[in-house]
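# Breakdown of the fold
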Amino acid sequence: MTALWNLVLLADREADFTAMGDHFRAESAHLNIPHLFVLGLSVLTVASLIWALTRWQDNDFAWNLDNPQRLFWDLCRRHELNTNETTLLRKVSRELQLAHPASLFVDPRLLISAMQLEKFHDLHGEICKLGEIFFGYHLWQQAMAADKNRKQEESLVV
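Residues numbered from 1 in each chain as written. Predicted model: local features only at pLDDT ≥ 70, side-chain atom pairs only at ≥ 80, totals over all residues. Heavy atoms only, no water.

### Overview of the confidence of the model for the protein
Per-residue confidence for the protein averages 82 on the pLDDT scale, and 77% of its residues sit at or above 70. Confidence, read as mean pLDDT per element, is least for helix α1 (residues 2-12) in the protein (64) and greatest for helix α4 (residues 83-95) (93). (pLDDT = per-residue confidence, 0-100. Helix = DSSP H or I, 4+ residues; strand = E, 2+ residues; numbered from the N terminus.)

### Notes on α4
Taking 1.5 Å of rise per residue, the 13 residues of α4 would be expected to cover 18 Å, and the 18 Å separating its terminal C-alpha atoms lies within 8% of that figure. Within the sequence span of α4, burial applies to Glu85, Thr86, Leu88, Leu89, Arg90, Val92 and Ser93. Its side-chain oxygen 3.1 Å from the backbone nitrogen of asparagine 84, asparagine 82 forms the N-cap of α4. (Expected span 1.5 Å × (residues − 1). Buried < 20%, exposed > 50% of the residue type's maximum accessible area, 1.4 Å probe, protein only. Polar contact = N/O pair within 3.5 Å; in protein donor to acceptor, adjacent residues only side chain to side chain.)

### Notes on the packing of aromatic side chains
Going through the model one piece at a time under the given rule, you end up with five aromatic pairs. Their ring planes at 65 degrees and their centres at 6.0 Å tell us that phenylalanine 72 and phenylalanine 105 sit as a pair that is edge-to-face. Pair noted here: phenylalanine 72 is in helix α3 (residues 68-78) and phenylalanine 105 is in the loop between α4 and α5 (108-116), with a separation of 33 residues, a long-range link. On the basis of relative accessibility, which here comes to 9%, the residue phenylalanine 105 falls in the buried class. (Phe/Tyr/Trp six-rings, centres within 6.5 Å; stacked < 30°, edge-to-face > 60°.)

### Quick word on the packing of α4 against helix α6 (residues 124-135)
Closest axis-to-axis distance for the α4/α6 pair is 11 Å, and the angle between their directions is 100 degrees. Considered as vectors, α4 and α6 are oriented roughly perpendicular to each other. In this structure, α4 contributes Glu85, Leu88 and Leu89 to the contact, and α6 contributes Glu126, Ile127, Lys129, Leu130, Ile133 and Phe134. Considered class by class, the residues forming the contact of α4 with α6 number six nonpolar, no polar and three charged. (Axes fitted to C-alpha atoms, helices over the stretch in contact; angles between N-to-C directions. Parallel < 35°, antiparallel > 145°, perpendicular 65-115°, else oblique. Contact = heavy atoms within 4.5 Å. Nonpolar A, V, L, I, M, F, W, Y, C, P; charged D, E, K, R; others polar.)

### Things to note about a nonpolar patch on the surface
On the surface, Leu31, Ile33, Leu36, Leu39 and Val43 cluster together into a nonpolar patch covering about 510 Å² of accessible area. Inspection of the secondary structure puts leucine 31 in the loop between α1 and α2 (33-65). (Patch = residues over 30% accessible without salt bridge, like charges linked within 9 Å, V, L, I, M, F, W, Y side chains within 5 Å. Areas by Shrake-Rupley, 256 points an atom, 1.4 Å probe, with all protein chains shown as cover. Salt bridge = Lys/Arg side-chain N within 4 Å of Asp/Glu carboxyl O.)

### A word on the pattern of salt bridges
Overall, the coordinates contain eight salt bridges when judged by the stated rule. In this structure, lysine 129 and glutamate 85 form a salt bridge, with 3.0 Å as the shortest nitrogen-oxygen distance. A residue pair is termed long-range when its members are at least 10 positions apart, and lysine 129 in helix α6 and glutamate 85 in helix α4 qualify at 44 residues. Overall, lysine 129 belongs to the partly exposed group, its relative accessible area being 45%. Where arginine 109 meets aspartate 107, a salt bridge forms, and the shortest distance between an N and an O atom there is 3.0 Å. Ionic contacts of the salt-bridge type, sharing partners, join the residues Asp147, Arg150, Lys151 and Glu154 into one network.

Have a look at this one:
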């Protein structure tokens, strides 16, 4: 409260503008180093804040616009996958070297090819469960049958 009162008392004084031009005369001109230091620091701080905000805004915009990882996480959340299922899908996408891990939600052949990898043989049941969640029981069974037929045809050709 006293600070506010002091501010009111300072604002109540009359301003003396007669000496205002003294610093513009050559004989009284001097360089105030601490003021220049504060000015430089202020300009640097404002410039850094503007730069950081533009970088943050650009990154946030890019993250929301075209980000395969964001789409993958959104699809995992929409399908209500638990942590183990999400981790398994991340491993599958890394093993298959997918640029867009969300393609696992669209193409059943990717999950089928993951089941054929030696690394995922013991996780066959979990991958089948995910396939049924993503594509439905009948479509998943059709994809499995189509892959089985393709393998039989390849074995006959060889």
